[in-house]
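# Geometric and topological summary
What follows is each chain in one-letter form.
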Amino acid sequence: MNTTHHSGMTTIVKTVSRMTVILISLFGVSLVLHGHNSPGGGFAGGVIIALAGINYTLAFGARGNGENAGRETLLEKLPGLMGGAMLGFLICWFFLGLLSNGAGPSAGVVAPVTMLCDILIAVNVGAGLVLIFLRLASLRCGEGVRR
Amino acid sequence: MLELYCLVLFMIAAAVIAVSIRDLLSTVVALGAVGLALAVAFLILKAPDLAVTQLVVEILCLVLLIRAVVSRSRREPGRGVMVAIGVVTLVSVALLFVALSLMMREMTWFGDAAMRVSRQYVDRGLVHGGTLNVVNEILLNYRGYDTLGEATVFFTAVIGILAVLRRHGRKKAAEVEEQ
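Residues numbered from 1 in each chain as written. Chains lettered and ligands numbered in written order. Predicted model: local features only at pLDDT ≥ 70, side-chain atom pairs only at ≥ 80, totals over all residues. Heavy atoms only, no water.

### Brief notes about the overall build of chain A
- Broken down by element type, chain A carries four helices and zero strands.
- Helices and strands in chain A line up, N terminus first, as α-α-α-α.
- Only carbon and sulfur atoms are counted for the fraction: they give 70% of the accessible area of chain A, which is about 7,500 Å². (Helix = DSSP H or I, 4+ residues; strand = E, 2+ residues; numbered from the N terminus. Areas by Shrake-Rupley, 256 points an atom, 1.4 Å probe, with all protein chains shown as cover.)

See below:
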């Protein structure tokens, strides 16, 4: 197996990852969107979606030290996405009736809000995990270049 | 409430010391004092599960931070120190088992919930929430504060990691040596 940071893993791993990453992502999205009616939810779905991205990065390699401009842009935007998801979750939870513990809103109102909360939690968790991984990966690559 | 105010004042003082002191090991110890006082505060506020979690996480963080701080000046411990560590470990494990066995006498049987509130969650969750996944309903409805807190803790942790691992604005080795 090729151990250099910039070229990723072998063709077999890349081919399999190219096919499975989409399936893993879809599974994660399914867990998030059906979390209110079946086992799953925002935390689990967000982690699985993030793992799909991490799988892709591991298979195809991580470029650090500012060489990958797209990923640097992503690293700058993801904290804002997380903050937006947190704010959205707070608004959903606080203002759309979940705070009343079912006393106020009817069942038909609460279920969509639950799904929305799941989506926002998934964005928060997924973006956070991807962010930590990419930052650590770029740091490692940067050190490798300097050596 | 007086003891809680005393604890809060203690935590504020320890946090100020942790920020202002220059010795890294002293900073870590002051930070540990804040965390342990927080665990006691959780216990006073009738949240023993949070107190146990806080205690475990605090001890783990303390060990990691102390290991990171003293790694450069680490020396191999002597035989006497190793024996002492072994004895202390054995005594600690024995005490832990005794405490757990005493605690188990007070516990109810598995499946027989000691907290009657949780039964209300299961009974009323489907009616109130309108969702089939009762676990998700409990997490987002009855324990909404908890979930919001978890999401906030995760968000804060990620921002903290980004601040530690930032690329811009870091001092270079030469600048640190000059200071």
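### Description of the overall build of chain B
- Counting its secondary structure elements, chain B contains eight helices and zero strands.
- The secondary structure elements of chain B, listed N-terminal to C-terminal, are α-α-α-α-α-α-α-α.
- In chain B, which comprises 179 residues, the share counted as buried stands at 20%.
- Nonlocal contacts in chain B, meaning residues at least 24 apart in sequence, comprise 36% of its contacts between residues at least 6 apart. (Buried < 20%, exposed > 50% of the residue type's maximum accessible area, 1.4 Å probe, protein only. Contact = heavy atoms within 4.5 Å.)

### Here's the deal with the confidence of the model for chain A
All names here are of chain A.
- In this model, chain A carries a mean pLDDT of 76, and residues with pLDDT of at least 70 account for 71%.
- Helix H4 (residues 107-146) is the least confidently modelled element of chain A, averaging 76 in pLDDT, while helix H1 (residues 11-33) averages 91, the highest of any element.
- Every residue in residues 1-5 is under pLDDT 50, and counting partners more than four places away or in other chains gives nine contacts.
- Here residues 103-108 scores under 50 on pLDDT; set against residues more than four positions off or in separate chains, the count is seven contacts. (pLDDT = per-residue confidence, 0-100.)

### What to know about the packing of H1(A) against helix H2 (residues 42-60) of chain A
Residue and element names in this part refer to chain A.
- Here H1 crosses H2 at 170°, and the two axes come no closer than 8 Å. It follows that H1 is roughly antiparallel to H2 by the angle criterion. Seen along the crossing, H1 lies across H2 with a hand that is left-handed.
- Its residues assigned to classes, the contact of H1 with H2 shows 14 nonpolar, seven polar and two charged. (Axes fitted to C-alpha atoms, helices over the stretch in contact; angles between N-to-C directions. Parallel < 35°, antiparallel > 145°, perpendicular 65-115°, else oblique. Left-handed = near helix turned anticlockwise from the far one by under 90°. Nonpolar A, V, L, I, M, F, W, Y, C, P; charged D, E, K, R; others polar.)

### Quick word on the confidence of the model for chain B
Residues and elements named next belong to chain B.
- For chain B, mean pLDDT is 81; residues scoring 70 or higher make up 88% of the total.
- Of all secondary-structure elements in chain B, the lowest mean pLDDT belongs to helix H8 (residues 173-178), at 64, while helix H1 (residues 2-20) reaches the highest, 91.
- Scoring of the predicted complex yields 0.64 for pTM and 0.77 for ipTM.

### Things to note about the environment of Val34(B)
All names here are of chain B.
- Following the sequence through the fold, valine 34 ends up in helix H2 (residues 24-44).
- Expressed as a C-alpha distance, the spacing of valine 34 and valine 8, which sit 26 residues apart in the sequence, is 9.1 Å.
- Among all residues touching valine 34, those that are not within four sequence positions of it are Met11, Ala14 and Ala15.

### Some points on the interface of chain A and chain B
- Between chain A and chain B, the residue contacts involve 39 residues of the former and 28 residues of the latter.
- In total, chain A and chain B occlude about 2,800 Å² of area from one another, counting both sides; carbon and sulfur atoms represent 69% of this.
- Between chain A and chain B we count seven residue pairs in polar contact (both at pLDDT 80 or more) in total.
- Looking at the side of chain A that touches chain B, the elements with two or more residues in it are helix H3 (69-95) and H4 of chain A.
- For the side of chain A that touches chain B, the element with the highest residue contribution is H4(A), accounting for 17 residues. (Buried area = accessible area lost by both parts, 1.4 Å probe. Polar contact = N/O pair within 3.5 Å; in protein donor to acceptor, adjacent residues only side chain to side chain.)

### So, the nonpolar core
- Within the largest apolar cluster, 13 residues are counted, with the highest numbers of intra-cluster contacts made by Phe89(A), Cys92(A), Cys117(A), Leu120(A), Ile121(A) and Leu140(B).
- Breaking this core down by element, the ones donating at least two residues are H3 and H4 of chain A together with helix H7 (144-164) of chain B.
- Formed by eleven residues, the second largest nonpolar core is a distinct cluster that contains Ala50(A), Ala127(A), Leu131(A) and Leu162(B). (Core = buried A, V, L, I, M, F, W, Y, C linked by side-chain atoms within 4.5 Å.)

### As for a nonpolar patch on the surface
- Taken together, Leu96(B), Leu100(B), Met103(B), Met104(B) and Met107(B) make up a surface patch of nonpolar side chains, about 540 Å² in accessible area.
- Of note, Met107(B) is situated in the loop between helix H4 (79-106) and helix H5 (116-129). (Patch = residues over 30% accessible without salt bridge, like charges linked within 9 Å, V, L, I, M, F, W, Y side chains within 5 Å. Salt bridge = Lys/Arg side-chain N within 4 Å of Asp/Glu carboxyl O.)

### Side note on the side chain of Asn124(A)
- In this structure, Asn124(A) sits in helix H4.
- Not counting chain neighbours up to four residues away, the residues in contact with Asn124(A) comprise Met82(A), Ala85(A), Met86(A), Ala151(B), Phe154(B) and Phe155(B).

### Quick notes on H2(B)
Residue and element names in this part refer to chain B.
- For H2, built from 21 residues, the straight-helix expectation of 30 Å at 1.5 Å per residue is met to within 8% by its first-to-last C-alpha distance of 30 Å.
- Those residues of H2 that fall on the buried side of the exposure criterion are Thr27, Val28, Ala30, Gly32, Val34, Gly35, Ala37, Ala39 and Ala41.
- Positive backbone phi, approximately 65°, marks lysine 46, located one or two places after H2. (Expected span 1.5 Å × (residues − 1).)

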